[in-house]
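# A structural walkthrough
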Amino acid sequence: MATIGQRGTWSSRAGFILAASGSAVGLGNIWGFPTQVGQGGGAVFVLIYLACVVLICLPIMVAELVLGRRAQLDPVGAFSMLRPGSSWWLVGALGVLAGAGILSFYSVIAGWSVAYIWYTATGAVTGDADAIGTFFGTFTANGPLSVGLALLVLTTTGAVLLGGVQSGIERVTKLLMPALIALLLILAVRAATLPGAAAGLAYYLRPDFSRLLDPAVINAALGQAFFSLSLGMGAMLTYGSYLSKRESLITAACWVVALDTSMALLAGFIIFPSGFSIEGFDPSASGPGLIFAVLPRLFSTLPGGQLFGAAFFILLTMAALTSTISLLEVPVAHCIDVHKWTRRKAVILVTTGVFLLAIPSALGNGAVAALTRMPGIGVDFLTMMGTIWNNFALPVGGLLTAVFVGWVWRVDQAIDEVETHGASFPAKRLWSVLIRYVCPVAISVIIVYTIVSL
Ligand code: PHE
């Protein structure tokens, strides 16, 4: 099978759905979503998140896939091909930067997941909640270890991109998704039967409407939806550029969104009941360590918990890798398509750059935390990177994509592309309204509201 750089196509619609879901499902679902729900006040965050997914992200997913399939190029190439001589290529450039920026902190967390395969398998991380929390603190305080693990994740990703990508991604994801769903279901059932689970479920499902208009919550939900669906930075555009003209874009988009959202919701059904079964648990206080503090506790309540734990972190690491591949592919495809670099040169240089950017995130919880803490913001570098890229860069990328498709390139062109080869575009009127009016207005209002409230 050809490598992506030689512009192959996915072997079938199922192949595309698998690859796009591989990009979407990752740390964003299992690590990011519960963490954000915890900080956003529980069920009210979930509600706003779902609204963002359906009303804003699904239409933008269609728009990105359409752009990619029409242009058959990387994001920068796509925007400049469809509007030559304009500045629209900058939207693609923002995506290329976002890919590198997100990958820089993503690889650190993926590295933690790698380490936890070992720690859970060997029984190193056990005991009561305090012991498990302390373990995580000591582990992340070891900056050089986090740096090394991030390097391992990045070199593995780079190595995959050097070889043929799509047959590999398709094959891995085909096994990964069902295995991950099965394991998550087992864990959710176990979590629901723990003492204290009811309080966790209530927190997760019963909204506290007093935070409905909290700008920080709305902004975080929007950013999380973009991040989890790999939107707003051209990853789906790039994947769409390998989608065959005969396939229905709309069905593919709906599948990916449904699968990704179910996985995130399922992760919440594991984390909150288990968390609340621990005395004194505060979901908003744990930050990026939430799943690493809660899950080992859950595994310890299961027969064969070490095995379950190791299997879980293996699957999580693989899910993270199918996402890091798509994150790295955006800047790499850009260097190949636009700057005419060889794939080898592009992979090596981009991976090195991202690694350098990953170092402060990896050290952020360690001895040099003081250095990487931004004055006045009071959060670690990793959290700050997450906020900048997820909460601002991705929604802005999505906003500009919506404006481009809705008003510049125009919706009839997009509908035409969806309907090539006789595929139908159900609800095209509704989609046009969403992409032209709802997405741009809603995203602008949320961003302005967030900035003003800062
Ligand atoms: N969607 C991925 C996840 O949830 C992360 C990602 C974001 C991948 C943006 C590609 C582009 O883990």
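Structure shown above.
Read on for an overview of the structure. (Residues numbered from 1 in each chain as written. Predicted model: local features only at pLDDT ≥ 70, side-chain atom pairs only at ≥ 80, totals over all residues. Heavy atoms only, no water.)

### Let's talk about the pattern of salt bridges
According to the stated counting rule, one finds six salt bridges in the structure shown. The salt bridge partner of Arg 70 is Glu 417, with a shortest N-O separation of 2.7 Å. Remark: Glu 417 occurs in helix H18 (residues 411-418) and Arg 70 occurs in helix H3 (residues 43-71); sequence separation between them is 347 residues. In this structure, Glu 329 and Arg 343 form a salt bridge, with 3.3 Å as the shortest nitrogen-oxygen distance. In this pair, Glu 329 is assigned in helix H14 (residues 305-337) and Arg 343 in helix H15 (residues 343-363), connecting sequence segments 14 residues apart. Classification of Glu 329 as buried rests on a relative accessible area of 2%. Arg 343 sits in the buried class, given a relative accessible area of 13%. Taken together, the shared-partner salt bridges connect Arg 69, Arg 70, Lys 245 and Glu 417 into one network. (Salt bridge = Lys/Arg side-chain N within 4 Å of Asp/Glu carboxyl O. Helix = DSSP H or I, 4+ residues; strand = E, 2+ residues; numbered from the N terminus. Buried < 20%, exposed > 50% of the residue type's maximum accessible area, 1.4 Å probe, protein only.)

### With respect to the packing of aromatic side chains
This structure, assessed with the given rule, holds 29 aromatic pairs. An aromatic cluster of at least three residues, connected via ring pairs, comprises Trp 112, Tyr 116, Tyr 119, Phe 135, Phe 136, Phe 139, Phe 292, Phe 299, Phe 312 and Phe 313. The ring centre of Trp 407 lies 3.9 Å from the NZ or CZ of Arg 436, which sits over that ring. (Phe/Tyr/Trp six-rings, centres within 6.5 Å; stacked < 30°, edge-to-face > 60°. Lys NZ or Arg CZ within 6 Å of the ring centre and 35° of its normal.)

### Notes on the site of the ligand
The environment of the ligand is made up of 15 residues, and the closest members are Ala 24, Gly 28, Tyr 106, Phe 227 and Ser 230. In this structure, Phe 227 approaches the ligand through a main-chain N or O atom, which is 2.8 Å from a nitrogen atom. Considering the ligand on its own, with 330 Å² of exposed area, one finds that the protein chains cover 100% of that surface. Among the detected pockets, the ligand sits in the largest cavity. Broken down by secondary-structure element, the contributors of at least two residues to the shell around the ligand are helix H1 (13-24), helix H2 (27-39), helix H10 (215-228) and H14. (Near = heavy atom within 4 Å. Polar contact = N/O pair within 3.5 Å; in protein donor to acceptor, adjacent residues only side chain to side chain. Areas by Shrake-Rupley, 256 points an atom, 1.4 Å probe, with all protein chains shown as cover. 1 Å grid on protein atoms, 1.4 Å probe; cavity = no way out; pocket = protein on both sides within 12 Å on 5 of 7 lines; lining within 4 Å. Sits in = over half its atoms within 2 Å of the grid points.)

### Considerations on empty space enclosed by the protein
Remark: the empty space left among the atoms is shown by a probe the size of a water molecule rolled over them. Following the criterion strictly, the structure yields three cavities of 30 Å³ or more and no others. Size it by volume and the largest cavity reaches roughly 140 Å³. As for the largest cavity, its lining consists of 17 residues, of which Ser 23, Tyr 106, Phe 227, Ser 230 and Leu 327 are closest to the centre. Listed by contribution, the elements that provide at least two residues to the lining of the largest cavity are H1, helix H5 (89-121), H10 and H14. When the residues that make up the lining of the largest cavity are grouped by side-chain class, the tally is ten nonpolar, seven polar and no charged. Considering only enclosed or pocket space, the second largest cavity measures out at about 60 Å³ in volume. Along its surface, the second largest cavity is lined by Glu 64, Pro 75, Phe 79, Val 91, Gly 92, Gly 95, Gly 232, Met 233, Gly 234, Leu 237 and Thr 401. In terms of residues, the lining of the second largest cavity owes the most to one element, H5, which gives three residues. Residue classes in the lining of the second largest cavity are distributed as five nonpolar, five polar and one charged. (Points joined across faces, edges and corners; volume = space filled by probe spheres on them. Nonpolar A, V, L, I, M, F, W, Y, C, P; charged D, E, K, R; others polar.)

### Observations regarding the side chain of His 334
Within the secondary structure, His 334 sits in helix H14. Filtering out sequence-adjacent residues up to four positions away, His 334 remains in contact with Asp 74, Val 76, Val 96 and His 339. (Contact = heavy atoms within 4.5 Å.)

### A word on the nonpolar core
The biggest cluster of nonpolar side chains holds 153 residues, and the ones touching the most others in it are Met 61, Phe 226, Phe 292, Phe 312 and Trp 431. Sort the elements by how many residues they give to this core and H3 lands first, with 17 residues. Discounting chain neighbours no more than four positions away, the residues touching Met 61 are Leu 229, Leu 231, Met 236, Ala 253, Val 256 and Val 257. (Core = buried A, V, L, I, M, F, W, Y, C linked by side-chain atoms within 4.5 Å.)

### Thoughts on the packing of H5 against H14
Relative to each other, H5 and H14 sit at 160°, their axes nearing to 8 Å. Classified by the interaxial angle, the pair formed by H5 and H14 is roughly antiparallel. Handedness of the H5/H14 crossing: left-handed. Residue composition of the contact of H5 with H14, grouped by class: 19 nonpolar, ten polar and no charged. (Axes fitted to C-alpha atoms, helices over the stretch in contact; angles between N-to-C directions. Parallel < 35°, antiparallel > 145°, perpendicular 65-115°, else oblique. Left-handed = near helix turned anticlockwise from the far one by under 90°.)

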